[in-house]
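A look at the structure
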Amino acid sequence: MLEIKHMNVYAADKKIIDDLSLTMKDGEIHAIMGPNGVGKSTICKAILKCPGYEIKQGTIFYDKQDLQKLSTTDISRLGIFYISQTPTAIEGVTNAEMLRLALSARTNEKIDIFTFTKKCNEICTKIGLPTSFLHRAINDGMSGGERKKNELLHLWLLEPKCIILDEIDSGLDVDALKTVASSIAEYYEEKKPSILIITHHTQILDIIKPDFVHILSSGKIVKTGTAQLAYQVEKEGFQNQLEDKGIK
Amino acid sequence: MEKENTLKIDEREITLKNFQGNLQIASASCLVHLVGENKIKHVVLLQTESLTFDLQDQSKLQLEDLWENLPNKFEVTIYSHNHTELDWSLAINLQNPLEMSIINNLCGNQNHNKLRIKVVNDTDFSCQIKTIGHIQKQTQENVFLEELKGLASKTTNITFLPQLIVDSDSVTANHNATIKCFDEEELFYLQCKGITKPEAKKLLKEGFINRKRKP
Ligand SMILES: Nc1ncnc2c1ncn2[C@@H]1O[C@H](COP(=O)(O)OP(=O)(O)O)[C@@H](O)[C@H]1O
Ligand SMILES: [Mg+2]
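Residues numbered from 1 in each chain as written. Chains lettered and ligands numbered in written order. Predicted model: local features only at pLDDT ≥ 70, side-chain atom pairs only at ≥ 80, totals over all residues. Heavy atoms only, no water.

Bringing the domain arrangement of chain B into the picture now. One widely used convention gives an interface's size as the accessible area the parts lose upon coming together. Residue and element names in this part refer to chain B. Segmentation of chain B into domains returns domain 1 (6-181) and domain 2 (183-215). Summarising the inter-unit geometry, the C-alpha centres of domain 1 and domain 2 are found 27 Å apart. Counting from both sides, the interface comprises 16 residues of domain 1 and, opposite them, 9 residues of domain 2. Of the roughly 1,100 Å² buried between domain 1 and domain 2, counting both surfaces, carbon and sulfur atoms make up 59%. For the pair domain 1 and domain 2, the number of links is 2 salt bridges. The tally of links between domain 1 and domain 2 comes to 2 residue pairs in polar contact (both at pLDDT 80 or more). Elements with a minimum of two residues in the side of domain 1 that touches domain 2: strand E7 (60-67), strand E9 (85-93), strand E11 (112-121) and strand E13 (142-152). The residue inventory of the side of domain 1 that touches domain 2, partitioned by class, reads 7 nonpolar, 3 polar and 6 charged. (Domains from an automatic or database assignment. Contact = heavy atoms within 4.5 Å. Buried area = accessible area lost by both parts, 1.4 Å probe. Salt bridge = Lys/Arg side-chain N within 4 Å of Asp/Glu carboxyl O. Polar contact = N/O pair within 3.5 Å; in protein donor to acceptor, adjacent residues only side chain to side chain. Helix = DSSP H or I, 4+ residues; strand = E, 2+ residues; numbered from the N terminus. Nonpolar A, V, L, I, M, F, W, Y, C, P; charged D, E, K, R; others polar.)

Shown next, in the form of structure tokens:
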């Protein structure tokens, strides 16, 4: 269970998230929607303890562990997996090098190269990524869609229990969106992780069906509802939802 | 697999002709004359303070090397006479303080010198690399290209001092030097995959050193 209580997040001395609380039980899917610049990405970065983002008030616990006391590495090893809005490219370091290291750190044993390659190739085939990508530099020279699929390769291999997706649908064409979303839905069916999904669009929520939808405005969750709320927002815009609440 | 050929040099002067393999230099100063096509993979400097490559007319020297154990202070001087080719890619993974000078003298005509140096410094040691490219008077159609790249834990612990002295009108010369720090975003990304910070730095270091130049 991921439990955020009364969290304030500051970046560059500016308060961006203000008294945010959110509880996500194991196996639940939560969506956060909200206009640009309200702090959606900041929530993700605060959970992962990204340098430059400071939590001045409140707590974040995952599986009874205080995330603020852990390093980004340890948070990841707890099983929290984050796909950022624009996955970082790393020149000179291949997927294979990084993944072998990440995997052996998690399992505490060296995995043999044959099992590793076989598993990666199976995943690549499943998500429609050429197997040659395994030996390419991480996200380097890859298109937006390829980067997201590349991140899915990492996801399927590292088998997280809690997934944070920051606008994974942005910049994807219809087909790529379907492939990416279906793959995550399939992962959900198999492993039942909890998922926090940040999006502007309902297309992805048609495939990865949320249990709860939250509307974020000025760093606060101002409304929570079922999947229905997402469709309402898409139809009527955020402003309507906010006015509804007396927020302008 | 072919056995690696390593030549151990104790002399102060030696001539290599169509040599392929590794060099191990034990003398304090060494002058190496090069004739024909030479491909040196690895140079180990034991006590060397100064090393000179003398490229005879029509000769070629290709040197692709990773240096890990270097003397703290030394100088490499290169003389290129006529119609020579030098292609030197040097990667240094710093493990001790380093003060190195590379002096490239283009003395004749139609020489083609290419020097690329990459340095990683994740230590607190200082690293100073001084290069001089000297295109001498009355020479024709020389090409001199130099690229210095550094990756450091803080920019202050690598210093590049590139200098170009051009005494001829007929030359193509270009040099550039860049130093960057470990990228916080890249480190964060790797840590998000469950890799520790030291391991992430190691990956980035190796990636930087082994990275082939983009065409
Ligand atoms: N590192 C930072 N330094 C300064 N301001 C930041 C930083 N990160 C985010 N912000 C600011 O915080 C606000 C929210 O940003 P973000 O979380 O990226 O919004 P969203 O993802 O909802 O579009 C924006 O005004 C943005 O400019
Ligand atoms: Mg964002």
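Once that is clear, we can look at the packing of aromatic side chains. One pass over the full model with this rule turns up 5 aromatic pairs over all chains. Taking 6.5 Å as the distance between ring centres and 85° as the angle between the ring planes, the aromatic pair formed by Phe53 of chain B and Trp88 of chain B counts as edge-to-face. Residue Phe53 of chain B is located in strand E6 (residues 50-55), and its partner Trp88 of chain B is located in strand E9; the two are separated by 35 residues in the primary sequence. As far as the burial class goes, Phe53 of chain B and Trp88 of chain B line up, both buried. Chaining the aromatic ring pairs together yields one cluster made of Phe53, Trp67, Phe74 and Trp88 of chain B. The ring centre of Tyr10 of chain A lies 4.3 Å from the NZ or CZ of Lys56 of chain A, which sits over that ring. For Lys118 of chain B, the ring lying beneath its charged end belongs to Phe208 of chain B, and the centroid distance is 5.8 Å. (Phe/Tyr/Trp six-rings, centres within 6.5 Å; stacked < 30°, edge-to-face > 60°. Buried < 20%, exposed > 50% of the residue type's maximum accessible area, 1.4 Å probe, protein only. Lys NZ or Arg CZ within 6 Å of the ring centre and 35° of its normal.)

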